[in-house]
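Chain residues, written in single-letter form:
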Amino acid sequence: MAEGVTGQSLAGLFDVDLRSIQELARSGIVVSAGARGRFLLAPSVRNYVRHLREVAAGRQGNELNAIDEGARLKIAQRKNYDLKNSILEGSAIPYEAIAPAWARVVRAIRSAMLAVPGKARFRLQHLTPRDAEVIGEIIRDQLEAAPLTDQPPAINGDAHAAALAND
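Source: prediction; values computed, not measured.

Each value, and the rule that gives it
- Residues numbered from 1 in each chain as written.
- Predicted model: local features only at pLDDT ≥ 70, side-chain atom pairs only at ≥ 80, totals over all residues.
- Heavy atoms only, no water.
- Helix = DSSP H or I, 4+ residues; strand = E, 2+ residues; numbered from the N terminus.
- Buried < 20%, exposed > 50% of the residue type's maximum accessible area, 1.4 Å probe, protein only.
- Contact = heavy atoms within 4.5 Å.
- Areas by Shrake-Rupley, 256 points an atom, 1.4 Å probe, with all protein chains shown as cover.
- Arc of directions from axis to C-beta.
- Expected span 1.5 Å × (residues − 1).
- pLDDT = per-residue confidence, 0-100.
- Core = buried A, V, L, I, M, F, W, Y, C linked by side-chain atoms within 4.5 Å.

Asks: When you look at the overall build of the protein chain in this model, what are you seeing that I'm missing?
Replies: Helices and strands together make up the secondary structure of the protein chain, namely eight helices and two strands. Element order for the protein chain, N to C, with α for helix and β for strand: β-α-α-β-α-α-α-α-α-α. For the protein chain, buried positions account for 16% of its 167 residues. Looking at the protein chain alone, contacts between residues at least 24 apart form 54% of all its contacts between residues at least 6 apart. Working note: accessible area of the protein chain is about 12600 Å², and carbon and sulfur atoms make up 57% of it.

Below, the structure is given as structure tokens:
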């Protein structure tokens, strides 16, 4: 009697098709029993469980997972097409065109906020000069803590780089 289990039995146990068992055998995960189409049960199950753990943990070694890589490529291509379409439609504004307007808006917000203590003291005449000074310190602290700079926030590097590369 032949030692081991058939590929079909192993496929049923792993809930995969026979072709997957053959691929797992080629990669060394499923252990051959020496006879064609027969596999050692315990070592094969142990290796398959380890393989699934590695896949779940994202540690598949240096092998490229074709499905994941294909999906990533399709996502990148979709983003690239969407960006190109928005440029062609005129709905995308170049980063360089936004920078001067952004700087004006930031300066206007900063000026308006720094004017609050004086305006508050004018409208609320019970405020002392010290009260206005404290309000001014609080506003300056908040402006410094806020990530407002004269430069617009960075654009997603992938999309921006793709747009520049295809100009």
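Asks: Which parts of the structure should I look at to understand the side chain of Ser44?
Replies: By secondary structure assignment, the location of Ser44 is in helix α3 (residues 41-57). On the accessibility criterion, Ser44 (0% relative accessible area) is buried.

Asks: Mind showing me how you'd approach unusual backbone geometry here?
Replies: Most peptide bonds take the trans form, and the phi angle of most residues other than glycine is negative. Phi is positive for Asp15, close to 60°, though the residue is something other than glycine. For Asp15, a relative accessible area of 70% gives the class exposed.

Asks: I keep staring at helix α1 (residues 7-14) and nothing clicks. Help me out?
Replies: Every α-helix carries 3.6 residues per turn, so stepping three or four residues along brings you back to the same face. Looking at α1, one finds that the buried residues are Gly7, Leu10, Ala11 and Phe14. The arc that holds the buried residues of α1, viewed along the axis, is 105°, so those residues lie on one side. Away from its buried face by more than 90 degrees, α1 exposes Gln8, Gly12 and Leu13. Tucked inside the fold, the buried residues of α1 contact β1 (5-6), α2 (18-26), β2 (38-39) and α3. Backbone geometry just downstream of α1 places Asp15 in the positive-phi region, at approximately 60°.

Asks: Can you walk me through helix α5 (residues 95-114) in this structure?
Replies: Taking 1.5 Å of rise per residue, 20 residues should cover 28 Å, and α5 covers 28 Å from first to last C-alpha, within 8% of that figure. Along α5, the positions that sit buried rather than exposed are Ala99, Ala103 and Val106.

Asks: Help me out: how do you make sense of the confidence of the model for the protein chain in this one?
Replies: When pLDDT is averaged across the protein chain, the result is 82; 85% of the residues are at 70 or more. Per-element confidence in the protein chain is highest for helix α6 (residues 116-123), whose mean pLDDT is 92, and lowest for helix α8 (residues 157-165), whose mean pLDDT is 47. Per-residue pLDDT stays below 50 along residues 158-167; that stretch engages in eight contacts with residues further than four places along the chain or on separate chains.

Asks: I tried to follow the nonpolar core on my own but got confused; where do I start?
Replies: Nonpolar side chains in soluble globular proteins tend to end up buried together. Grouped together as the largest cluster of nonpolar side chains are nine residues: Leu10, Ala11, Phe14, Ile21, Leu24, Ile29, Val30, Phe39 and Tyr48. Breaking this core down by element, the ones donating at least two residues are α1 and α2. Apart from residues lying up to four places away in sequence, Val30 is in contact with Leu10, Phe14, Ile21, Leu24, Ala25, Phe39 and Ser44.

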